[in-house]
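Listed below, chain by chain, are the residues.
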Amino acid sequence: MKSKLCKSSLPIGMGVILTVITVIALMSTSFMGCKKTSTTTKHCSNSAYPLWCSNAKVCCTPGHAYYCDGQCYSSGCPSSTITRDNCAPE
């Protein structure tokens, strides 16, 4: 009887240890994970201009995700462009 107890105690002990580690990991990521700060503001409040270009600090219309030299473009910047920015929804 003692040999069966010794043989099963190692797998049971390992299972308990792994369960405890898993529970601790899940709790720590749930309670201490990334949180969205309340200080973030939405820059593009007008629904006609939902794309935010963070470097240029400008909003563009849907489908125009490139801001180049003061204008929003839909299919990339022209080759002679000096300043470029990619725009994305906030």
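Residues numbered from 1 in each chain as written. Predicted model: local features only at pLDDT ≥ 70, side-chain atom pairs only at ≥ 80, totals over all residues. Heavy atoms only, no water.

A.B. asks: Can you help me understand the sheet that holds strand β5 (residues 84-86) in this one?
C.D. replies: Strand pairing in a sheet relies on backbone hydrogen bonds. The paired strands run either parallel or antiparallel. Ordered by their spatial adjacency, three strands build an open sheet running β4-β3-β5, and the pairing between neighbours is antiparallel. Of all the strands in the sheet, just β4 (71-73) and β5 have a single pairing partner and so form its edges. Taking each pair of neighbouring strands and ignoring which way they run, the sheet shows an average axis angle of 25 degrees. Where strand β3 (residues 66-68) and β4 come together, three bridges link them in antiparallel fashion. Bridging from a neighbouring strand, cysteine 68 pairs with glutamine 71 of β4. (Pairing = 2+ DSSP bridges. Helix = DSSP H or I, 4+ residues; strand = E, 2+ residues; numbered from the N terminus. Axes fitted to C-alpha atoms, helices over the stretch in contact; angles between N-to-C directions.)

A.B. asks: Help me understand the sheet that holds strand β2 (residues 58-60) in this model?
C.D. replies: The sheet built from three strands is open, its strands ordered β2-β1-β6 with antiparallel pairing. Edge strands, defined here as strands with exactly one partner in the open sheet, are β2 and β6 (88-89). Pairing of strand β1 (residues 51-53) with β2 involves three bridges; the strand directions are antiparallel. Its bridge partner being in β2, tryptophan 52 is matched across the sheet by cysteine 59.

A.B. asks: Even after reading the chapter, I still don't get the confidence of the model for the protein, so can you show me in this structure?
C.D. replies: Close reading of the predicted structure is inappropriate where its pLDDT is low. Of the residues in the protein, 87% reach a pLDDT of 70 or more, and the chain-wide mean stands at 84. Mean pLDDT values for the elements of the protein range from 83 in helix α1 (residues 2-32) up to 93 in β2. (pLDDT = per-residue confidence, 0-100.)

A.B. asks: For this particular structure, what's the right way to read the state of the cysteines?
C.D. replies: Such a bond, covalent and formed between the sulfur atoms of two cysteines, is termed a disulfide. Tallied over the full model, the rule gives four disulfides. Disulfide pairing places cysteine 68 opposite cysteine 77 at an S-S distance of 1.8 Å. An S-S torsion of about -70 degrees defines the bridge between cysteine 68 and cysteine 77 as left-handed. Take cysteine 68 and cysteine 77: they sit in the same class, and that class is buried. Counting its disulfide-bonded cysteines in sequence order, the protein shows a connectivity of 1-3, 2-8, 4-6, 5-7. (Disulfide = S-S within 2.5 Å. Buried < 20%, exposed > 50% of the residue type's maximum accessible area, 1.4 Å probe, protein only.)

A.B. asks: Just checking my understanding: could you explain the side chain of aspartate 85 for this structure?
C.D. replies: Tracing the chain through its elements places aspartate 85 in strand β5. There is no salt bridge for the buried aspartate 85, and the closest opposite charge comes from lysine 57, which lies 7.9 Å off by N-O distance. A polar atom in the side chain of aspartate 85 sits 2.9 Å from the backbone nitrogen of asparagine 55. When near neighbours in sequence (up to four residues on either side) are disregarded, aspartate 85 contacts Cys53, Ser54, Asn55, Ala56, Ala65, Tyr66 and Tyr67. (Lys, Arg positive; Asp, Glu negative; His and termini not counted. Salt bridge = Lys/Arg side-chain N within 4 Å of Asp/Glu carboxyl O. Polar contact = N/O pair within 3.5 Å; in protein donor to acceptor, adjacent residues only side chain to side chain. Contact = heavy atoms within 4.5 Å.)

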